[in-house]
Amino acid sequence: YFYASEGLGILLWRKGDYEKSAEAFLNALTYNPANYSYALMYTLCRYREGKDQIAKAFMSKYITTLERGSTEYFLCRLFVDKAGEADVLNRIQKVEKINTRNKMLFYSAMYYDLFLSETIAQKYFVEVVSVPAPNFFEYRLSKWALEDKENKAGGNAQQDAGSPRS
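Residues numbered from 1 in each chain as written. Predicted model: local features only at pLDDT ≥ 70, side-chain atom pairs only at ≥ 80, totals over all residues. Heavy atoms only, no water.

Visitor: So, the overall build of the chain: which residues are in play, and what are the values?
Guide: Looking only at helices and strands, the chain has 9 helices and 0 strands in total. N-terminal to C-terminal, the α/β element order of the chain is α-α-α-α-α-α-α-α-α. By principal-axis analysis of the C-alpha atoms, the chain measures approximately 55 × 35 × 35 Å. Counting across all 166 residues of the chain, residues that qualify as buried make up 46%. A separation of at least 24 residues holds for 53% of the contacts in the chain among residues at least 6 apart in sequence. Total accessible area computed for the chain in this model is approximately 9,000 Å², and 50% of it derives from carbon and sulfur atoms. (Helix = DSSP H or I, 4+ residues; strand = E, 2+ residues; numbered from the N terminus. Buried < 20%, exposed > 50% of the residue type's maximum accessible area, 1.4 Å probe, protein only. Contact = heavy atoms within 4.5 Å. Areas by Shrake-Rupley, 256 points an atom, 1.4 Å probe, with all protein chains shown as cover.)

Visitor: Break down the packing of aromatic side chains for me, with residues and values.
Guide: One pass over the full model with this rule turns up 16 aromatic pairs. Look at Tyr-38 and Phe-137: their rings are 6.5 Å apart centre to centre, the planes differ by 15°, and that puts the pair in the stacked class. Taken together, the positions of Tyr-38 in helix H3 (residues 36–48) and Phe-137 in the loop between helix H8 (118–129) and helix H9 (138–162) put the pair 99 residues apart, joining distant regions of the chain. With respect to burial, Tyr-38 and Phe-137 carry one shared label: buried. Here Phe-106 and Phe-125 contribute two aromatic rings whose centre-to-centre distance is 6.1 Å and whose plane-to-plane angle is 45°, an arrangement assigned as tilted. One end of the pair, Phe-106, is in helix H7 (residues 98–116); the other, Phe-125, is in helix H8, with 19 residues separating them in the sequence. Residues Phe-106 and Phe-125 agree in their burial class; the two are buried. Put simply, the rings of Tyr-47, Phe-79, Tyr-111, Tyr-112, Phe-115 and Tyr-124 touch in pairs and so form one group of aromatic residues. It is Arg-91 that lies over the ring of Phe-74; its NZ or CZ is 3.8 Å from the centre. (Phe/Tyr/Trp six-rings, centres within 6.5 Å; stacked < 30°, edge-to-face > 60°. Lys NZ or Arg CZ within 6 Å of the ring centre and 35° of its normal.)

Visitor: Which residues make up the packing of helix H5 (residues 71–81) against H7, and what values go with them?
Guide: Running from N to C, H5 and H7 point in directions that differ by 15°, and their axes come no closer than 10 Å. Taken together, H5 and H7 sit at an angle that is classed as roughly parallel. For the pair H5 and H7, the crossing hand works out as left-handed. Of H7, the residues touching H5 (which contributes Thr-71, Glu-72, Leu-75, Leu-78 and Phe-79) are Met-104, Tyr-107, Ser-108, Tyr-111 and Phe-115. In the contact of H5 with H7, the residues fall into 7 nonpolar, 2 polar and 1 charged. (Axes fitted to C-alpha atoms, helices over the stretch in contact; angles between N-to-C directions. Parallel < 35°, antiparallel > 145°, perpendicular 65-115°, else oblique. Left-handed = near helix turned anticlockwise from the far one by under 90°. Nonpolar A, V, L, I, M, F, W, Y, C, P; charged D, E, K, R; others polar.)

Visitor: Summarise helix H4 (residues 52–62); cite the residues concerned and give the values.
Guide: All of the buried residues along H4 are Ala-55, Phe-58, Met-59 and Tyr-62. Around the axis of H4, the buried residues are gathered within 95° of arc, so they sit on the same side. Exposed residues pointing more than 90 degrees away from the buried face of H4 are listed as Gln-53 and Lys-61. In this fold, the buried residues of H4 make contact with helix H2 (18–31), H3 and H5. (Arc of directions from axis to C-beta.)

Visitor: I'd like to hear about the pattern of salt bridges, residue by residue, with values.
Guide: Scanning the entire structure with this criterion turns up 10 salt bridges. Of the charged contacts, one joins Asp-52 and Lys-82 as a salt bridge, the two residues approaching to 3.8 Å between their closest N and O atoms. Of this pair, Asp-52 sits in helix H4 while Lys-82 sits in the loop between H5 and helix H6 (85–93), and the two are 30 residues apart along the sequence. Through salt bridges with shared partners, a single ionic network connects Arg-48, Asp-113, Glu-118 and Lys-149. (Salt bridge = Lys/Arg side-chain N within 4 Å of Asp/Glu carboxyl O.)

Below you can see the structure in the form of structure tokens.
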């Protein structure tokens, strides 16, 4: 039952166990190979582990299964080329279904978080969680990302308050 693998992958992601989370998402992908979210989550886990070559090689192979020219293709390709983020964002903004658009926006936010700018990533995470009735698991991951950033910022503020000024 691949939904169990999805749920397990989500929980392991939250725990920061990216290796086991990657395994769970890869298992889910074997049952539902058309679900690009599972491929992207596997890729994100590998990047989080510092296994950039594995992430890139996997996604390079996976994108061959996608319709060339689709928004999904360009979103996945972003994690191979590490370029073209403005074009991908423009494509995502044109997606009419709000849940699909915000699901894709989560991956774009993760791209920024991993490679470019945490500030821009946070902006997109906020947009993702603004959905009134979400039906995609990336909503929960976006909420957690924002909580983690708030906790990190709060911890830094407390740390700064306790440190001597020169």
